[in-house]
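Below, each chain spelled out in residue letters.
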Amino acid sequence: MNVLIVYAHPEPRSLNGSLKNFSVKHLEEAGHHVHVSDLYAMNWKVPLDAHDSTAWQADRRFDASLASKQAFETGTQSQDIALEQEKLRWADAVILQFPLWWFSMPAILKGWVERVYAYGFAYGVGEHSDTHWGDRYGEGVMAGKRAMLLVTTGGWESHYSPRGINGQIEDMLFPIQHGILYYPGFDVVPPFVVYRTGRTDETRFSQIQEALGQRLDQLWTAAPIAFRPQNAGAYDIPALTLRSDLAPGDVGFGVHLANE
Ligand code: FAD
């Protein structure tokens, strides 16, 4: 299998750097092909702007979606974007690896998503009408591929528990797992989260590696998070609200999980 690791940490000698090296070695020893997009090492351009199209005309008003659509359709995307899209097409599984910074991904990784997820590639795909609101949330160009988050936090596990002060980790990661990964079609397996990283010594590091190795071995067999597909009847279209007989009375991120 082909695995793409999109990795966002500025320091190769960090905990994240060690875990990324471990993942590459572990996956390759299991016979997989691995490619790492090391965003800091690549000096990845973060902001989405008019320069993302080689056909950009300075006198035109810049419309981010329209420019992305035209560049994608006409093959005038800047090369760094096209190369990352090619890696995504190649991959059977994608791992986004990052330290939790201000309760989300580092800006460099957000910039990767914004620029690589072009109109026509990751969104704006499929029939878009009052009866079919595009191929998304379970359908799309990434359908059939798997994705997993590998996240490290300074906070303790209890701080991210259901009643923890930071909010539960499932909620924190929902916009990434549901909005960025499930949206274009990935099957998202549960995240691998390393909490309280400040308390990492050699013993704990060995335990983390052991657990991570098991999760990498299960990348193709673990049950994906049971997000509800958009176009399979659970949502009223075009309002795109969950049918009132599903999770009746409940609100929030959790209603988009099919637990029944
Ligand atoms: P490092 O700092 O590199 O290492 C962590 C520990 O692991 C160190 O003790 C180190 O000695 C040890 N270690 C590293 N490599 C090895 C190895 N090979 N073997 C054994 N031990 C090793 N945390 C939150 O919970 N929520 C937030 O919102 C949040 N926001 C942040 C915002 C910013 C801007 C920053 C800088 C930090 C934030 N943090 C937050 C903390 C952050 O998530 C952690 O600092 C980060 O996850 C630690 O990962 P690292 O790779 O940088 O670890």
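Residues numbered from 1 in each chain as written. Predicted model: local features only at pLDDT ≥ 70, side-chain atom pairs only at ≥ 80, totals over all residues. Heavy atoms only, no water.

A. Spotlight on the overall build of the chain. The helix and strand tally for the chain stands at 6 helices and 8 strands. N-terminal to C-terminal, the α/β element order of the chain is β-α-β-α-α-β-α-β-α-β-β-α-β-β. Relative to a compact globule of 260 residues, whose C-alpha radius of gyration would be 18 Å, the chain shows 19 Å and is just as compact. In terms of principal-axis extent, the alpha carbons of the chain reach across some 55 × 50 × 35 Å. A burial count over the chain gives 43% of its 260 residues as buried. Surface exposure of the chain reaches about 13200 Å², of which carbon and sulfur atoms provide 53%. With 21 positive and 30 negative side-chain charges, the chain shows a spacing of 4 Å between the two charge centroids. (Helix = DSSP H or I, 4+ residues; strand = E, 2+ residues; numbered from the N terminus. Rg over C-alpha atoms; globule rule 2.2 N^0.38 Å. Buried < 20%, exposed > 50% of the residue type's maximum accessible area, 1.4 Å probe, protein only. Areas by Shrake-Rupley, 256 points an atom, 1.4 Å probe, with all protein chains shown as cover. Lys, Arg positive; Asp, Glu negative; His and termini not counted. Charge placed at Lys NZ, Arg CZ, Asp CG, Glu CD.)

B. Just the nonpolar core, in detail. Counting 40 residues, the largest nonpolar core has Leu 88, Leu 96, Phe 98 and Trp 112 as the members making the most contacts within it. Secondary structure elements with two or more residues in this core: strand 1 (2-7), strand 3 (93-99), helix 4 (107-116), strand 4 (146-152) and helix 5 (169-182). Here this core gets 8 residues from one element, more than from any other, and that element is helix 5. With near-sequence residues (within four places) excluded, Trp 112 lies in contact with Val 6, Leu 39, Trp 44, Glu 84, Leu 88, Leu 96 and Tyr 117. In this structure, Tyr 7, Phe 22, Val 34 and Leu 219 belong to the second largest nonpolar core, which totals 21 residues. (Core = buried A, V, L, I, M, F, W, Y, C linked by side-chain atoms within 4.5 Å. Contact = heavy atoms within 4.5 Å.)

C. Molecular detail of the pairing of strand 2 (residues 33-38). Pairing of strand 1 with strand 2 involves 6 bridges; the strand directions are parallel. Within strand 2, the position partnered with Leu 4 by the bridge is His 35. The parallel pair strand 1 and strand 2 is bridged by helix 1 (residues 15-29), and the resulting crossover is right-handed. (Pairing = 2+ DSSP bridges. Right-handed = clockwise from strand over helix to strand, strands pointing away.)

D. Region of the structure containing unusual backbone geometry. In this structure, Pro 238 follows Ile 237 across a cis peptide bond, with omega equal to 10 degrees. By the element assignment, Pro 238 lies in the loop between strand 7 (235-236) and strand 8 (241-242). For Tyr 137, which is not glycine, the phi torsion reads 50 degrees and is therefore positive. Of note in this structure, Arg 196 is not a glycine but carries a positive phi near 50 degrees. By secondary structure assignment, the location of Arg 196 is in the loop between strand 6 (192-194) and helix 6 (202-217).

E. Examining helix 4 more closely. Buried residues dominate helix 4, accounting for 7 of its 10 residues. Buried residues of helix 4: Ile 108, Leu 109, Gly 111, Trp 112, Val 113, Arg 115 and Val 116, and no others. Buried residues along helix 4 sit against strand 1, helix 3 (79-90), strand 3 and helix 5.

F. Broad picture of the site of the ligand. By nearness alone, 20 residues border the ligand, and His 9, Asn 16, Thr 152, Gly 155 and Tyr 160 come closest of all. Ser 18 places a side-chain nitrogen or oxygen 3.0 Å from a nitrogen atom of the ligand. Separating an oxygen atom of the ligand from a side-chain N or O atom of Tyr 160 is a distance of 2.6 Å. Contact with the protein chains hides 65% of the accessible area of the ligand, taken as 980 Å² for the molecule alone. Of the residues forming the shell around the ligand, the biggest block, 3 residues, is contributed by helix 1. A class-by-class count of the residues in the shell around the ligand yields 8 nonpolar, 11 polar and 1 charged. (Near = heavy atom within 4 Å. Polar contact = N/O pair within 3.5 Å; in protein donor to acceptor, adjacent residues only side chain to side chain. Nonpolar A, V, L, I, M, F, W, Y, C, P; charged D, E, K, R; others polar.)

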